[in-house]
Amino acid sequence: MTVKIPYYPGCTLKSTAKNFEDTARLVAGIFDYELDDLYRWNCCGAVYGLSEDNVMHKVAPVRNLLRVKEVGEKRVLTLCSMCFNTLKRANYYVRKNKDKLEVINAIMYLENTTYDGSVEVIHLLELLRDEIGFSRIKKAVKKPLEGITVAAYYGCLLLRPGEIAIDNMEQPTVMEDLMEALGAKVVDLNVKTECCGAYQTVARKDIVADRTNLIVEEAHKMGADVLITSCPLCHFNLDRRQKDAKERHPDFKPMPILYFTQLMALAFGFSEDKLGFDPHYVDPRPLLKERGLL
Amino acid sequence: MGVLKLTPEKFKEVDLINRISGQNVYDCYQCGRCTSGCPSADEMEIVPSQTMRFLQIGAVDKVVESNTPWVCLACLICSVRCPKGIDIAAIMEALRLVKLRRNYDFIHPNRIPEEDLEELPPIALVAAFRKMTP
């Protein structure tokens, strides 16, 4: 029987990272989960407000959690690392600070209900690891990813701060374990938890181009063919900013950057047209064809 | 480099940074772990551990007027590794906010090239505007 799971998409999963959402739906469907778009969701704010004297930046994420409660659900699934971080941190904050929760509820006085901290925020990687389990994932593989070496890049927002981390903060392994279940060879990328440059991609492309150069270069040194990520901003920075990295560092060698769900969908036997490779700046298809996976 | 003139007013500014960030800059004992892990330290005029020291001695203007808070990535490596549990990223946010709350725009939509606006993912724009505009 199909389990409907409330899903918070966020702005980017409906635009530049549509391929992430589409492949995540395919992957979830294999295990009888259906991602059910949250009713009347709004932008989470993308970054968690770090100031202690202003709760306004926490209203947007909390309002989404209130929506989950409103439809009688206990948990909400996210794909985007930034949404995950913002929603889960805001949730943690209002659970810890009941006085601030009261202020936020007072700001949301037009809503039909109040929020109480009861919703759990989970990431797709947690669902795959803790509820579905890697042994079930292994059994569902139709086309093992033999022949490619994958480096997992976590970035910041799935892991920091510690109270919201989905895995060990300094030595996460969930994506490596997942890729091994799909039959791929994995390398332990030394810079897997180092920031990609994040929102500096707007005003300081040079910073992000240098970060991309460093991260991709380390992945090459370790023998990786592709990098995987779960964050649409990391994806944009590591993929599209390879152009800027090449301009600044003539020795730069490109590398395809994939969402982990794209490789899962590939391993589960979905055809090329379902995998959403068209928007990629560095096209992964030549490599996957060369290795006999497409 | 001029001479730092420290007055009681300077320390009121430090209190403001403490209040906005919810942190206590005097907790820092200068171990340097924040700077050693910071992916943006190379870009900073004043690295994170120096920022903490300048704040302790009341030189708030010096760090507020440096490029440091504006090249911070808010990646939280400094915060999670600080042995004193100081959320240094929150202090960087406070340093941005003292300017932003005076209606300062570090970035402006009109100054972003149109081709960038077309290709940047929404989260990049939302995040940048949240961190760098009032």
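Bear in mind that the values here come from a model prediction, so they are computed numbers and not experimental data.

Asks: Account for the overall build of chain A, with residues named and values stated.
Replies: Regarding its fold elements, chain A presents 13 helices and eight strands. Over its C-alpha atoms chain A spans a radius of gyration of 19 Å, differing by no more than 12% from the 19 Å that the globule rule assigns to 294 residues. Referenced to the eigenvectors of the C-alpha coordinate spread, the extents of chain A come out at roughly 60 × 50 × 30 Å. For chain A, the proportion of its 294 residues judged to be buried stands at 53%.

Asks: Provide a residue-level description of the nonpolar core, including the pertinent values.
Replies: Counting 138 residues, the largest nonpolar core has A:V150, A:A152, A:Y153, A:L227, A:I228 and A:L263 as the members making the most contacts within it. Among the elements that line this core, the one with the most residues is helix 7 (residues 88-100) of chain B, at eight residues. Setting aside residues no more than four positions away along its own chain, A:L263 makes contact with A:L145, A:M179, A:L182, A:I228 and A:L258.

Asks: Any chance you could break down the pairing of strand 4 (residues 120-123) of chain A for me, citing the residues and the numbers?
Replies: A regular strand places its side chains on the two faces of the sheet in alternate fashion. Residue and element names in this part refer to chain A. In strand 4, alternate side chains face the same way, and those of V121 and H123 are buried while those of E120 and I122 on the opposite face are not. Relative to strand 4, strand 3 (residues 75-78) runs parallel, the two sharing four bridges. Across the sheet, the residue bridging to R75 is E120, located in strand 4.

Asks: Requested: an account of helix 3 (residues 48-56) of chain B, with residues and values cited.
Replies: Residues and elements named next belong to chain B. Of all nine residues in helix 3, seven are buried, a share of seventy percent or more. The secondary structure elements touched by the buried residues of helix 3 are helix 1 (8-21), helix 2 (33-37), helix 4 (60-64), helix 5 (68-71), helix 6 (77-81) and helix 7. In the segment just after helix 3, G58 is the residue with positive phi, at about 85°.

Asks: Outline the interface of chain B and chain A, supporting the account with residue identities and numerical values.
Replies: Facing 33 residues of chain B, the contacting portion of chain A comprises 36 residues. Looking at the side of chain B that touches chain A, the elements with two or more residues in it are helix 1, helix 6, helix 7 and helix 9 (122-132) of chain B. The dominant element in the side of chain B that touches chain A, judged by the number of residues it contributes, is helix 9 of chain B, at nine residues. Counted by class, the side of chain B that touches chain A contains 23 nonpolar, four polar and six charged residues.

Asks: Any details on the sheet that holds strand 8 (residues 257-259) of chain A? Residues and values, ideally.
Replies: Note on sheets: strands pair through backbone hydrogen bonds, and any given pair is parallel or antiparallel. Residue and element names in this part refer to chain A. Read from one edge of the open sheet, four strands run 6-5-7-8, paired in parallel fashion. Looking at which strands have only one partner, the edges of the open sheet turn out to be strand 6 (185-187) and strand 8. Neighbour-to-neighbour, the strand axes of this sheet turn through a mean angle of 40°, independent of strand direction.

Asks: Please give an account of the packing of helix 1 (residues 18-30) of chain A against helix 12 (residues 260-267) of chain A that cites residues and values.
Replies: Residues and elements named next belong to chain A. Axis separation between helix 1 and helix 12 bottoms out at 8 Å; the angle between their running directions is 45°. With respect to their mutual orientation, helix 1 and helix 12 come out oblique. Crossing angle aside, the handedness with which helix 1 passes helix 12 is left-handed. Only T261, Q262, M264 and A265 of helix 12 make contact with helix 1, whose side of the interface consists of N19, F20, T23, A24, L26 and V27. Across the contact of helix 1 with helix 12, the residue classes tally to six nonpolar, four polar and no charged.

Asks: Tell me about the domain arrangement of chain B, and name the residues and values.
Replies: Residue and element names in this part refer to chain B. By domain assignment, chain B separates into domain 1 (8-102) and domain 2 (106-134). Of note, the centres of domain 1 and domain 2, computed from C-alpha atoms alone, are 24 Å apart. Looking at side-chain class alone, the side of domain 1 that touches domain 2 contains three nonpolar, no polar and two charged residues.

Asks: Which residues make up the domain arrangement of chain A, and what are the values?
Replies: Accessible area lost during the coming together of the parts is what is often quoted as the interface size. Residue and element names in this part refer to chain A. When the domains of chain A are assigned, the result is domain 1 (3-124) and domain 2 (143-290). Residue-level contacts link 21 residues of domain 1 with 23 residues of domain 2. Secondary structure elements with two or more residues in the side of domain 1 that touches domain 2: helix 1 and helix 3 (81-96). Here the side of domain 1 that touches domain 2 takes eight residues from helix 1, the largest share from any one element. Looking at the side of domain 1 that touches domain 2, its residues break down into eleven nonpolar, seven polar and three charged.

Asks: I'd like to hear about helix 12 of chain A, residue by residue, with values.
Replies: All names here are of chain A. In terms of burial, helix 12 is largely enclosed, as eight of its eight residues are buried. Regarding helix 12, the residues found buried are F260, T261, Q262, L263, M264, A265, L266 and A267. In this structure, the buried residues of helix 12 make contact with helix 1, helix 7 (174-181), strand 7 (226-229) and strand 8.

Asks: Help me get a handle on unusual backbone geometry, residues and values and all.
Replies: Residues and elements named next belong to chain A. Of note, the bond from R160 into P161 is cis; its omega dihedral lies within 30 degrees of zero at -5°. Considering the arrangement of structural elements, one finds P161 in the loop between strand 5 (149-152) and helix 7. Its identity is not glycine, yet R40 carries a phi of approximately 50°, on the positive side. Here R40 shows up in the loop between strand 2 (33-37) and helix 2 (56-70). One non-glycine residue, A46, lies in positive phi territory at about 65°. Of note, A46 is situated in the loop between strand 2 and helix 2.

Analysis parameters
Residues numbered from 1 in each chain as written. Chains lettered and ligands numbered in written order. Predicted model: local features only at pLDDT ≥ 70, side-chain atom pairs only at ≥ 80, totals over all residues. Helix = DSSP H or I, 4+ residues; strand = E, 2+ residues; numbered from the N terminus. Rg over C-alpha atoms; globule rule 2.2 N^0.38 Å. Buried ≥ 20, exposed ≤ 12 C-beta atoms within 10 Å, placed from the backbone. Core = buried A, V, L, I, M, F, W, Y, C linked by C-beta atoms within 7 Å. Contact = placed C-beta atoms within 7 Å. Pairing = 2+ DSSP bridges. Nonpolar A, V, L, I, M, F, W, Y, C, P; charged D, E, K, R; others polar. Axes fitted to C-alpha atoms, helices over the stretch in contact; angles between N-to-C directions. Parallel < 35°, antiparallel > 145°, perpendicular 65-115°, else oblique. Left-handed = near helix turned anticlockwise from the far one by under 90°. Domains from an automatic or database assignment.

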